[in-house]
Amino acid sequence: MSSVLSVRQIRFRYLALYGLRWLPTGLIIPVMILLMQERGLSLSQMGLAFTAQGLVVLALELPTGGLADALGRKPVLAIAWALSLVSLALFAVADSFALFFLVWALQGVYRALDSGPLESWYVDATLDADPDAEYEPGLGYAGTVTGVAIAAGALLSGGLVALGPVGPVSALTVPVLVAIALQVVALAALLALLVETRPAKGSGALRASVVEAPRMVGQAFGLLRRSRVLLALVAVELFWGFGMVTFESLLPVRLSEVVGDADRAAALLGPASSAAWLASAAGAAATPLLLRWLGAAPSAALLRILQGVTVVGMGLFAGPVGVLVAYLACYTVHGASNPLHMGLLHRQVDGPYRTSVISLNSMMGQPGAAIGAVVLTAVADASSVSTAMLVGAVVLAVAAPLYLPAWRAGRRSGDGREATPVTDPVGSGPGPELAPGPDPVAPAPGSSGSGPVASTPGVAADASPLR
């Protein structure tokens, strides 16, 4: 961070870097599965390759949080974005299961390192420039920038595929090469735009963060033992991660089936993915209405069921129009679900424990996604993609009752809300570091409101203790 920059300059740099961070992802999403199929991988092999990312993130999500404190946010982000560049370059030429497994393992290291430093730099830099400045609007704008960047990347990807192959480069490979070029631009912009005053430096600080990592992990899991509400909310992420395989990984294969041609399906997925992210943004914008209508926990539970219904539509509709309409409906529900879920999480912890809980929630989605990738791709190979989607839909829907503890806790609270935000005991600390993953989320409306201080450190006062 640097007091030389104004609050407006800091916000502009943050949003510019955030958009550049997600633009290459938008290019990859429509062609990822189809390109791996083109290179000879079966759905089961793809599922196993995807587990590499999930397992690596699971192992590194919490420990890498201290690394940014020891080395600084800029060096950690530079390492992360450089690893993303390497993985994209390898993805462009990979032609075997072993190489694709390595691609997703590198992506796992990248995602673990990338989780949080950019947001925390923005918050700290803003407060350093003006201690009274409001940084929440910038965090909200980041969600909009993410959706627009991914939508633009997906639209560009579809256009590139539609143009066909370029010499010896297949049509599905062209978007990957463009993503590599954009990742180089993003890395150069990071080095030029992100200015910070380093925290403690040197080998001593690094050793201290490594020693501290096991205690951080133990404390985060200790919160789950003390709160039935928190445990249930984190468990939702396991089911959610499992079910997301249906619309993140199986949808391109399903569309290819109903269209009858992989290149045509990829060309359709470009604008469809773009529209899906815009639909997700619209769903997120409807969150205040859902909060007023049903409340956070009941709305979140209902949306889990509705998302399962949309996945059933993707699996059963016979034509591309029906499949894509269900796909857009699924992302609309997904966009509305994310801020509700994150808001409920924020209301269960006070300031010093926010980052650990958000990282833990993100981390728990990884084994769910890894298991889903293995199980659902195996079901797709053994039976059909439609059957695998129906299984994933059921798993998404059965997570709905896990929001009941949060709803009951809210009914017992003094103000009658589903979950009451718990303020930072100090009252002036920075907001949470929201970690970006396969599905980025915006901070939930009202997640920084006031409420009673937790009776147990890190756990909301209305949370039922686990016995």
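Residues numbered from 1 in each chain as written. Predicted model: local features only at pLDDT ≥ 70, side-chain atom pairs only at ≥ 80, totals over all residues. Heavy atoms only, no water.

**Remarks on the overall build of the protein chain**
Let me state the cut-off plainly: Numbering goes from the N terminus for both helices and strands, where a helix is a DSSP run of H or I of at least four residues and a strand is a run of E of at least two. Residues are treated as being in contact if the distance between any of their heavy atoms lies within 4.5 Å. Here the accessible surface of atoms and residues is derived via Shrake-Rupley with a 1.4 Å probe, and residues count as covered only by protein chains that are part of the display.
Regarding its fold elements, the protein chain presents 18 helices and zero strands. Looking at the protein chain alone, contacts between residues at least 24 apart form 86% of all its contacts between residues at least 6 apart. Surface accessibility of the protein chain: about 17,600 Å² in total, with carbon and sulfur atoms responsible for 67%.

**Brief notes about the packing of helix 1 (residues 7–28) against helix 9 (residues 174–193)**
For clarity, the cut-off: Angles here are taken between N-to-C directions and fall from 0 to 180 degrees, while the axes themselves are lines fitted to C-alpha atoms, restricted in helices to the stretch in contact. Here is the rule for angles: anything less than 35 degrees is roughly parallel, anything more than 145 is roughly antiparallel, 65 through 115 is roughly perpendicular, and the remaining ranges are oblique. Two helices cross in a left-handed way if the nearer one is turned anticlockwise from the farther one by less than a right angle. They cross in a right-handed way if the turn is clockwise. Under the scheme applied here, ten amino acids are nonpolar (Ala, Val, Leu, Ile, Met, Phe, Trp, Tyr, Cys and Pro), four are charged (Asp, Glu, Lys and Arg), and all others, including Gly, are polar.
Two elements in contact, helix 1 and helix 9, have axes whose closest approach is 8 Å; the angle formed by their N-to-C orientations is 165°. Here helix 9 runs roughly antiparallel to helix 1, going by the angle between their axes. In the crossing of helix 1 with helix 9, the sense of the turn from one axis to the other is left-handed. Facing Arg13, Leu17, Leu20, Leu23, Pro24, Leu27 and Ile28 of helix 1, the residues of helix 9 in contact are Pro175, Val176, Val178, Ala179, Leu182, Gln183, Val185, Ala186, Ala189, Leu190, Ala192 and Leu193. Looking at the contact of helix 1 with helix 9 residue by residue, the classes come out as 17 nonpolar, one polar and one charged.

**A few points about the environment of Ala171**
Rule in force here: Partly exposed describes any residue whose relative accessible area lies between the buried limit of under 20% and the exposed limit of over 50%, with all areas from a 1.4 Å probe on protein chains only and scaled to the type maximum.
Within the secondary structure, Ala171 sits in the loop between helix 8 (136–163) and helix 9. With a relative accessible area of 5%, Ala171 lands in the buried category. Separated by 14 residues in sequence, Ala171 and Ser157 have C-alpha atoms that sit 9.8 Å apart. Apart from the residues lying within four places of it in its own chain, the contact partners of Ala171 are Val161, Gly164, Pro165 and Asp263.

**Quick look at the nonpolar core**
Definition in use: Each nonpolar core is a collection of buried residues, namely Ala, Val, Leu, Ile, Met, Phe, Trp, Tyr and Cys, held together in the definition by side-chain atoms within 4.5 Å.
Met36, Trp81, Phe91, Trp104 and Met314 are the most contacted members of the largest nonpolar core, which has 124 residues in total. Of all the elements, helix 11 (residues 228–259) adds the most residues to this core, at 16 residues. Once you skip the residues sitting within four places of it in the chain, Met314 turns out to touch Phe247, Leu251, Arg254, Val323, Ala326, Tyr327, Cys330 and Met389.

**Concerning a nonpolar patch on the surface**
The condition that has to hold: Each patch is assembled from residues with relative accessible area greater than 30% and no salt bridge, linking like charges that lie within 9 Å and nonpolar side chains (Val, Leu, Ile, Met, Phe, Trp, Tyr) that lie within 5 Å. Note on definitions: salt bridges are taken to be side-chain nitrogens of Lys or Arg within 4 Å of carboxyl oxygens of Asp or Glu.
A cluster of nonpolar residues, Trp293, Leu294, Leu302 and Leu306, forms a patch on the protein surface that exposes about 380 Å² of accessible area. As for its placement among the helices and strands, Leu302 is situated in helix 14 (residues 296–316).

**Details of the pattern of salt bridges**
Under the definition given, this model contains two salt bridges. Between Glu257 and Arg254 there is a salt bridge whose closest N-O contact spans 3.5 Å. Taken together, the positions of Glu257 and Arg254, both in helix 11 and three residues apart, correspond to about one turn of that helix. Under the relative-accessibility criterion, Glu257 is labelled partly exposed at 44%.

**Description of the packing of helix 1 against helix 7 (residues 117–129)**
The geometry of helix 1 relative to helix 7 is characterised by a closest axis approach of 9 Å and an angle of 170° between their N-to-C directions. Taken together, the axes of helix 1 and helix 7 lie roughly antiparallel to each other. Listed contacts from helix 7 to Val7, Ile10, Arg11, Arg13, Tyr14, Leu17 and Tyr18 of helix 1 are Leu118, Glu119, Trp121, Tyr122, Ala125, Thr126 and Ala129. The residue inventory of the contact of helix 1 with helix 7, partitioned by class, reads 10 nonpolar, one polar and three charged.

**Looking at the environment of Met342**
Along the chain, Met342 turns up in helix 15 (residues 320–346). The buried category is assigned to Met342, whose relative accessible area is 7%. Taking C-alpha positions, Met342 is 9.3 Å from Leu233, a pair spaced 109 residues apart along the chain.

**Things to note about the side chain of Asp114**
Test applied: Nitrogen and oxygen atoms within 3.5 Å of one another constitute a polar contact, given that in protein one can donate a hydrogen and the other can accept it, and given that sequence-neighbouring residues count only through two side-chain atoms.
Following the sequence through the fold, Asp114 ends up in helix 6 (residues 97–114). When its relative accessible area of 4% is taken as the criterion, Asp114 is described as buried. Of the polar contacts made by the side chain of Asp114, one reaches the side chain of Trp81; its length is 2.9 Å.

**Overview of helix 3 (residues 43–60)**
Note the cut-off: An expected span of 1.5 Å times one less than the residue number is assigned to each helix.
Spanning 18 residues, helix 3 covers 27 Å between terminal C-alpha atoms, matching the ideal 26 Å at 1.5 Å per step. All buried positions along helix 3 are accounted for by Leu43, Met46, Gly47, Ala49, Phe50, Thr51, Ala52, Gln53, Gly54, Val56 and Val57.

**Topic: the packing of aromatic side chains**
Operational definition: Aromatic pairs are defined between Phe, Tyr and Trp rings, using the six-membered ring for Trp, whenever the two ring centres lie within 6.5 Å; interplanar angles under 30 degrees are classed as stacked, those over 60 as edge-to-face, and all others as tilted.
If you walk through the whole model with that rule in mind, you get nine aromatic pairs. Geometrically, the ring pair formed by Phe91 and Trp104 is edge-to-face, given 6.2 Å between the ring centres and 65° between the ring planes. Of the two residues, Phe91 is situated in helix 5 (residues 73–93) and Trp104 in helix 6; the sequence distance between them amounts to 13 residues. Given the relative accessible area of 2%, Phe91 is considered buried. The exposure class assigned to Trp104 is buried, which follows from its relative accessible area of 9%. Ring geometry for Tyr327 and Tyr331: centres 5.2 Å apart, planes at 70°, overall edge-to-face.

Note that all results are geometric; they support no functional claim without further evidence.
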